[in-house]
Amino acid sequence: MLDEVASAGRENLDADHVSRYDSKMDAEAAEELVLLEQLGLNEQSEVVDIGAGTGQFTLTAASVCARVVAVDVSPVMLNQLHTKIGASRLSNVEVVQAGFLTYEHRGRPADFVYSRYALHHLPDFWKTMALERVRRIVRPSGVLRLWDVVYHFDPREAEERIEARCAMGGRDVEGEWSRAELEEHVRDENSTFSWLLEPMIQRSGFEIENVVYSPDGFDAKYVARAT
Ligand SMILES: C[S@@+](CC[C@H](N)C(=O)[O-])C[C@H]1O[C@@H](n2cnc3c(N)ncnc32)[C@H](O)[C@@H]1O
């Protein structure tokens with residue numbers, strides 16, 4: 001088996017980075033929740049958030065649905081999430097230290113699986129295995145909302161595109177993503193091309209209903225429905 005903690009991303013296991021995470025990264029959880037509500041999320045919904053991190057989406061969703069299971073391999077991220085849950089009035093969040101490849105879902109199948117910026121930590125073979133497992137968690141007609149760093153450009157443009165992206169990095173690792181961190185993503189993590197990821201999603205038993213690519217070609221947001 002792949003060691004999912006070893007491939008979780010250096011920064012996600014680093015207490016300094018994790019303590020700064022929420023000020024550095026706005027996961028747009030409120031907007032994401034509105035989208036999922038349009039897709040049917042309500043007070044009866046069961047949601048699994050895989051790669052939940054500090055739980056920006058988890059906590060926002062838990063305020064309106066029946067239960068959220070927050071799954072993550074990083075004990076450092078989950079410590080932060082536990083602290084935030086303790087400070088909230090929420091009693092419907094279950095935190096599970098596990099990964100895409102090890103999480104065992106209990107109870108009724110999920111209505112929604114949410115995952116933002118986590119799947120790219122797995123190499124492509126394991127992404128497929130992960131998506132197969134996600135399909136088994138979600139009920140038929142349930143929704144997978146997958147938002148990740150995905151390369152949406154021709155491979156011949158890769159050098160130029162990646163340089164342009166890395167050049168956008170700042171110097172300040174406190175408040176923004178540094179050039180070194182952007183380079184690290186390309187070098188050490190496993191983001192893949194959209195034209196490789198999409199057949200994986202489909203072969204795993206999902207129909208892609210909608211996809212939005214960022215103009216810079218580095219981000220894709222999918223709504224996929226379990227068939
Ligand atoms: C960039 S953070 C994103 C956190 C959160 N989803 C957000 O959007 O703010 C990526 C998260 O994925 C987690 N992760 C990495 N590999 C994973 C895996 N194989 N299974 C589950 N979570 C994983 C990391 O520990 C980290 O918390």
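Provided above is the structure to which this section pertains.
Not measured: the values here are computed from a predicted model.

### With respect to the sheet that holds strand β2 (residues 67–72)
Then step 1. What the seven strands build is an open sheet, ordered β3-β2-β1-β4-β5-β7-β6; its pairing is mixed. The open sheet terminates on both sides in strands that have one partner only, identified here as β3 (93–97) and β6 (206–213). In this sheet, neighbouring strand axes are inclined to one another by 15 degrees on average, regardless of whether the strands run parallel or antiparallel.
Then step 2. Two strands pair when backbone bridges link them, and strand β1 (residues 46–50) and β2 are joined in this way by five bridges, in the parallel orientation. Note that in β2 the partner of Val48 across the bridge is Val69.
Then step 3. In this fold helix α4 (residues 75–87) packs onto β2 and β3, with an angle of close to 165 degrees to the strand it touches most, β3.
Then step 4. On top of the sheet, helix α8 (residues 194–203) reaches β6 and β7 (220–226); it is set at about 150 degrees to β6, its chief contact.

### A word on the packing of helix α5 (residues 124–137) against α8
The description of two helices packed together rests on the angle between their axes and the distance between the axes.
Then step 1. Packing of α5 against α8 brings their axes to within 9 Å, and their N-to-C directions diverge by 30 degrees. As summarised for this structure, α5 and α8 are arranged roughly parallel, according to the angle between their axes. Crossing handedness for the pair α5 and α8: right-handed. Residues Asp124, Lys127, Thr128 and Leu131 of α5 form the contact with α8, whose participating residues are Leu196, Met200 and Ile201.
Then step 2. Considered class by class, the residues forming the contact of α5 with α8 number four nonpolar, one polar and two charged.

Conventions we followed
- Residues numbered from 1 in each chain as written.
- Predicted model: local features only at pLDDT ≥ 70, side-chain atom pairs only at ≥ 80, totals over all residues.
- Pairing = 2+ DSSP bridges.
- Helix = DSSP H or I, 4+ residues; strand = E, 2+ residues; numbered from the N terminus.
- Axes fitted to C-alpha atoms, helices over the stretch in contact; angles between N-to-C directions.
- Contact = placed C-beta atoms within 7 Å.
- Parallel < 35°, antiparallel > 145°, perpendicular 65-115°, else oblique.
- Left-handed = near helix turned anticlockwise from the far one by under 90°.
- Nonpolar A, V, L, I, M, F, W, Y, C, P; charged D, E, K, R; others polar.

In short, geometric facts, not functional conclusions.
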